[in-house]
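Residue-level listing of the chains:
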Amino acid sequence: MERSEQIRLLKELMGHLDADTNVDAGGIRRNPTSAYTCRDRARQEWETFFRRYPQLLGLSGDLPGPGTFLTSTDFGAPILAVRDAEGEFRAFLNVCRHRGAIVESEPRGRKSKFACPFHAWTYSNRGELLAIPKPDHFGFIDKSCHGLTALPAVERYGFLWVHPDPKGQIDVGALLGGLAPEFESWDFGRMAFVGTDTYDMRLNWKLAMDTFGETYHFKVLHRNTLAANFHGNVQAYDVFGRNHRMILCLKEIDKLREQPESTWHITSGGFPVYYLFPNVQLNVGANAIILVRAYPDPENPGRSISQVSFYARPAILEDDPEGVAMRLRFFGEVVRDEDYAVAETCQRGAEAGLQETVVFGRNEPALHHYHNTYRADASSWLERIPVIRQFRRRVLGRPYRAR
């Protein structure tokens, strides 16, 4: 992040504290509770936002060296991601070309070859079919035509993107919507993987995203946890296409007032949280990152699975690996046990079917932005869902659009 931008954002936070103000979305908006309960919508979101859209698989630190691999089934297709002998990031369908068995079942590790557990067809970490047992018995097969199915894969700015469709395309510039220079300056590629926790929750995936959209709740929900370190209901907020950046306000900002601006750094008084459409929250600290990805259950709008991955600078890990892991997981547990736990009650309320809308306040612009982008990207099929049409006609009187 450019130095001038860091200073601007820190001064904006200080200004809000001094004037007892916050970011302003320009008005209150209502959101239909059916956004969290409609089964037709859930299935279409799965197809539109996850099966047909590039996905963030993790950070470069997930594949720390040649011969490392990781597997994923989070967005439908079984995926095998590797770093080959030359250090290049590659991704494949984790499916044997013989009978379709899953080739690699371990979540991550280090291998140069992958053997299918069914018949031991063996592949290189470049996806090439190297050998099959008893080829004289099986019959002739052209190995060059039976390698693992390659998926579009791009590594840039310390991020690993993969498209679950072999014919899909990945345009990183379009995905980031103007955030590329800022992400490059963070040097995320140097972050080391610490661990991943999985939270299987009884809430819609968009409700999981909503919990990251404001700090209005900090003094209440997090009064015994995060409120000790954060000023609640104070933030800076900027939109980058379908993405956004929130700067939460650390209480450490109070000490910056006594220091020259030349010593200020954004993480000394602020806590950047980036949202990447449609399902990624990137929480950036001075020496660590927490990456949250929420995935829907396409058959059950009331269920989602969050993958919460932790990364830290290698020097910090070397000094106190257990302490770093414990502190990072504390943040994740707060999300699970406080944010997600109360969001599960929101899900139950929505499913009761007795309240047509929820309210997004003026001080919750991220919530406006989330749902405006979801609607904009799915407007063609949303118009075909009767419950949405009915809501728009009776409650809004018009389509819900971005300001």
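No experiment lies behind these values; they were computed from the predicted model shown.

A word on the pattern of salt bridges. What the rule picks out here adds up to 27 salt bridges. For Arg43, the salt bridge identified is with Asp40, shortest N-O distance 2.8 Å. One end of the pair is Arg43 and the other is Asp40, both in helix α2 (residues 39–51) and three residues apart, which spans about a single turn. Owing to a relative accessible area of 34%, Arg43 belongs among the partly exposed residues under this scheme. Its relative accessible area of 44% is what places Asp40 among the partly exposed residues. Beyond isolated ion pairs, a larger network of salt bridges with shared partners links Glu5, Arg8, Glu12, Glu182, Asp238 and Arg245.

Glancing now at unusual backbone geometry. In this structure, the amide linkage connecting Phe277 to the following residue, Pro278, adopts the cis form with an omega of 0 degrees. Assignment of secondary structure puts Pro278 in the loop between β16 (270–276) and β17 (280–284). At Tyr157, a residue that is not glycine, the phi angle is positive and equals roughly 60 degrees. Tracing the backbone through its elements, the reader meets Tyr157 in the loop between β11 (153–156) and β12 (159–162). Although it is not a glycine, Asp187 adopts a positive phi angle of roughly 60 degrees. Within the element layout of this structure, Asp187 appears in the loop between α5 (180–186) and β13 (192–201). The class for Asp187 is partly exposed, based on a relative accessible area of 37%.

This part covers the environment of Phe230. On the secondary structure map, Phe230 appears in strand β14 (residues 230–240). Counting along the chain gives 41 residues from Phe230 to Phe271, while the straight-line C-alpha distance between them is 9.0 Å. Discounting chain neighbours no more than four positions away, the residues touching Phe230 are Phe218, Leu248, Cys249, Leu250, Lys251 and Phe271.

Our next topic: the sheet that holds β14. If you trace the seven strands from one edge of the open sheet to the other, you get β13-β19-β18-β17-β16-β15-β14, paired in antiparallel fashion. The sheet is open, and its two edges are formed by β13 and β14, each paired on a single side. The average angle at which neighbouring strand axes cross in this sheet is 20 degrees, direction not considered. Here eight bridges tie β14 to strand β15 (residues 243–250), and the two strands are oriented antiparallel to one another. Paired with Ala236 across the bridge in β15 is Ile247. Where α2 meets the sheet, it contacts β18 (288–297) and β19 (300–312), and its direction lies at approximately 130 degrees from that of β18.

Let us now look at the packing of aromatic side chains. Taken as a whole and judged by the stated rule, the model has 23 aromatic pairs. Here Trp46 and Phe50 contribute two aromatic rings whose centre-to-centre distance is 5.8 Å and whose plane-to-plane angle is 25 degrees, an arrangement assigned as stacked. Placement of both Trp46 and Phe50 in helix α2 is noted, with a separation of four residues, approximately one turn of the helix. Of the residues examined, Trp46 reaches a relative accessible area of 10% and is grouped as buried. Between Phe193 and Tyr311, the aromatic rings sit 5.8 Å apart at their centres with planes inclined by 65 degrees, giving edge-to-face as the arrangement. Of this pair, Phe193 sits in strand β13 while Tyr311 sits in strand β19; the two residues are 118 residues apart in sequence, bridging distant segments of the chain.

Next up on the list: the nonpolar core. With 96 residues, the main nonpolar core has Phe183, Leu282 and Tyr340 as its most contacted residues. If we ignore the near neighbours within four places in the chain, the residues touching Leu282 are Phe159, Phe183, Phe188, Pro272, Val273, Tyr274, Ile289, Ile290 and Leu291. If you look at the next biggest cluster of nonpolar residues, it comprises 15 residues, including Phe69, Leu80, Val103 and Phe114.

The rules behind each value
- Residues numbered from 1 in each chain as written.
- Predicted model: local features only at pLDDT ≥ 70, side-chain atom pairs only at ≥ 80, totals over all residues.
- Heavy atoms only, no water.
- Salt bridge = Lys/Arg side-chain N within 4 Å of Asp/Glu carboxyl O.
- Helix = DSSP H or I, 4+ residues; strand = E, 2+ residues; numbered from the N terminus.
- Buried < 20%, exposed > 50% of the residue type's maximum accessible area, 1.4 Å probe, protein only.
- Contact = heavy atoms within 4.5 Å.
- Pairing = 2+ DSSP bridges.
- Axes fitted to C-alpha atoms, helices over the stretch in contact; angles between N-to-C directions.
- Phe/Tyr/Trp six-rings, centres within 6.5 Å; stacked < 30°, edge-to-face > 60°.
- Core = buried A, V, L, I, M, F, W, Y, C linked by side-chain atoms within 4.5 Å.

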